[in-house]
Amino acid sequence: GNHTLLTDFVLSGLSSRPELQHLLFFTMCLVYSMTLFGNLLICMVTVHPTLHMPMYFFLRVLSLLDISTASVVVPRMLVNLLAEDRSISYTGCVTQLYCVVFLAATEWYLLAAMAYDRYVAVCSPLRYAAIMNTRVCLSLVLLCCCSGNVVSVVQTAWVFTLSFCGPRRINYFFCDIPPLIMLSCADTSLYEKQIISATVLVILTPFCLILLSYACIISSILKISSAESRHKTFSTCSSHLTVVTLYCASGTLIYLQPKSSNSQDTKKILALIYTTVIPTLNPLIYSLRNKEVKEVLIRVM
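As the structure is a prediction and not an experimental result, all values here were calculated from the model. (Residues numbered from 1 in each chain as written. Predicted model: local features only at pLDDT ≥ 70, side-chain atom pairs only at ≥ 80, totals over all residues. Heavy atoms only, no water.)

### Let's talk about a nonpolar patch on the surface
- Residues L246, V277, L281 and L284 make up a contiguous nonpolar surface patch of about 260 Å² in total accessible area.
- Ranked by residue count, the leading element in the nonpolar patch is helix α9 (residues 264–288), at three residues.
- For V277, a relative accessible area of 33% gives the class partly exposed. (Patch = residues over 30% accessible without salt bridge, like charges linked within 9 Å, V, L, I, M, F, W, Y side chains within 5 Å. Areas by Shrake-Rupley, 256 points an atom, 1.4 Å probe, with all protein chains shown as cover. Salt bridge = Lys/Arg side-chain N within 4 Å of Asp/Glu carboxyl O. Helix = DSSP H or I, 4+ residues; strand = E, 2+ residues; numbered from the N terminus. Buried < 20%, exposed > 50% of the residue type's maximum accessible area, 1.4 Å probe, protein only.)

Shown next as structure tokens:
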């Protein structure tokens with residue numbers, strides 16, 4: 001009853017070792033620059049008239065989400081690497097958590113939509129243009145954003161109904177659900193069950209739908225007589241599957257056990273993967289493994 005409610009938090013950052021701060025700062029600056037450059041380049045390339053397919057429209061949206069995710073997390077992290085005052089206001093923490101959850105959930109649903117697009121393209125090529133028309137693509141993206149917003153509002157509101165009465169130090173480099181609930185002085189057992197349910201809904205359910213789509217896709221690929229066509233189709237789909245696997249592995253390990261005894265440093269590394277590393281790799285994965293994108297990229301450059 002005598003607890004003092006917190007008005008701000010302190011982010012511990014990537015590392016507490018002073019000798020690493022400048023090295024981490026320049027490394028993350030480089031990674032962030034690559035993220036912006038690569039994803040902006042993908043956005044520019046995919047508006048080319050020869051890349052008017054729905055796949056490239058979804059890829060452009062994915063790049064915008066990656067830019068947004070990195071921009072929500074990395075600039076604040078860079079400031080904290082050099083600043084003595086690493087505090088973040090209560091409102092700032094709420095805003096950052098909402099943005100991170102919204103972008104992550106939206107991206108998961110978008111990856112599921114991209115898998116459906118590939119399923120239609122491979123399994124129903126003659127009906128592809130009719131099924132995946134502009135209206136359907138825009139509706140799918142809007143549905144992904146609305147679903148991500150609902151998930152983020154519920155999760156953020158639930159987290160910040162908890163009582164935070166000290167300590168105010170978050171052993172993380174941004175405001176995320178697992179480190180925040182570890183600071184709560186209230187009983188979080190119900191919330192831990194809820195976050196596990198949300199993880200199943202946001203990550204594992206789309207992942208299962210993606211796997212189902214790819215099972216149908218692989219079955220159709222094996223029926224293609226031309227080895228060159230099989231290789232081209234499988235190469236395009238494997239790029240998407242690579243991204244999905246990276247997201248699923250890092251996300252589930254963080255959120256399925258939100259208050260586990262696992263090392264917080266391990267969770268930092270996993271969070272770093274899905275907030276900074278994957279957004280940097282996405283342009284490389286999709287451009288280097290896609291002949292059409294490479295050809296347009298060469299012309300643009």
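### Section: helix α1 (residues 21–45)
- With 25 residues, α1 extends 36 Å from end C-alpha to end C-alpha; this agrees with the ideal 36 Å at 1.5 Å per step.
- Turning to α1, its buried residues are Q21, F25, M28, V31, Y32, T35, G38, N39, L41, I42, C43 and V45. (Expected span 1.5 Å × (residues − 1).)

### Considerations on the packing of helix α2 (residues 54–82) against helix α3 (residues 90–123)
- Interaxial distance between α2 and α3 falls to 10 Å at its minimum, and their mutual angle equals 160 degrees. Comparing the axis directions of α2 and α3 gives the class roughly antiparallel. In this structure, α2 crosses over α3, and the sense of that crossing is left-handed.
- For the contact of α2 with α3, the class distribution of residues is 16 nonpolar, four polar and five charged. (Axes fitted to C-alpha atoms, helices over the stretch in contact; angles between N-to-C directions. Parallel < 35°, antiparallel > 145°, perpendicular 65-115°, else oblique. Left-handed = near helix turned anticlockwise from the far one by under 90°. Nonpolar A, V, L, I, M, F, W, Y, C, P; charged D, E, K, R; others polar.)

### A closer look at the confidence of the model for the protein
- On average, residues of the protein score 84 in pLDDT, and 90% of them reach the 70 mark or higher.
- Mean pLDDT across the elements of the protein bottoms out in helix α8 (residues 227–255) (74) and peaks in helix α5 (residues 134–159) (93). (pLDDT = per-residue confidence, 0-100.)

### Some thoughts on the environment of P75
- The residue P75 is located in helix α2 in this model.
- Residue P75 is classed as partly exposed on the basis of its relative accessible area of 31%.
- A C-alpha to C-alpha distance of 34 Å links P75 and Y116, two positions 41 residues apart in sequence.
- Excluding residues within four positions of it along the chain, P75 makes contact with Y32 and A70. (Contact = heavy atoms within 4.5 Å.)

### Structural notes on the state of the cysteines
- Evaluation of the coordinates by the stated rule reveals one disulfide.
- Between the sulfur atoms of C93 and its disulfide mate C175 the distance is 2.0 Å. Linking C93 and C175, the disulfide has an S-S dihedral of approximately -120 degrees and is accordingly described as left-handed. One end of the pair, C93, is in helix α3; the other, C175, is in the loop between β3 (169–170) and α6 (177–181), and 82 residues separate them in sequence.
- Here C144 stays unpaired: no disulfide links it, and the sulfur of C145, its closest cysteine neighbor, is 6.8 Å away. (Disulfide = S-S within 2.5 Å.)

### Notes on the packing of aromatic side chains
- Here the structure, examined in full by the defined rule, presents twelve aromatic pairs.
- Aromatic pair Y116 and Y119: ring centres 6.4 Å apart, planes at 35 degrees, arrangement tilted. Separated by three residues within a single helix, Y116 and Y119 lie in helix α3, roughly one turn from each other.
- Classification of Y119 by relative accessible area gives partly exposed; the value is 29%.
- By way of ring pairs, the aromatic residues F9, Y90 and F160 are connected into one cluster. (Phe/Tyr/Trp six-rings, centres within 6.5 Å; stacked < 30°, edge-to-face > 60°.)

### A word on the sheet that holds strand β1 (residues 8–11)
- Taken together, the three strands give an open sheet; going across it, the order is β2-β1-β3, and neighbouring strands pair in mixed fashion. Every interior strand has two partners, whereas the edge strands, β2 (87–89) and β3, have only one.
- As defined by bridge partners, β1 adjoins β2 across three bridges and the pair is classed as antiparallel. Along β2, the bridge assignment pairs D8 with S89.
- Most of the contacts of α3 go to β2, to which it runs at about 80 degrees, and overall it touches β1, β2 and β3. (Pairing = 2+ DSSP bridges.)

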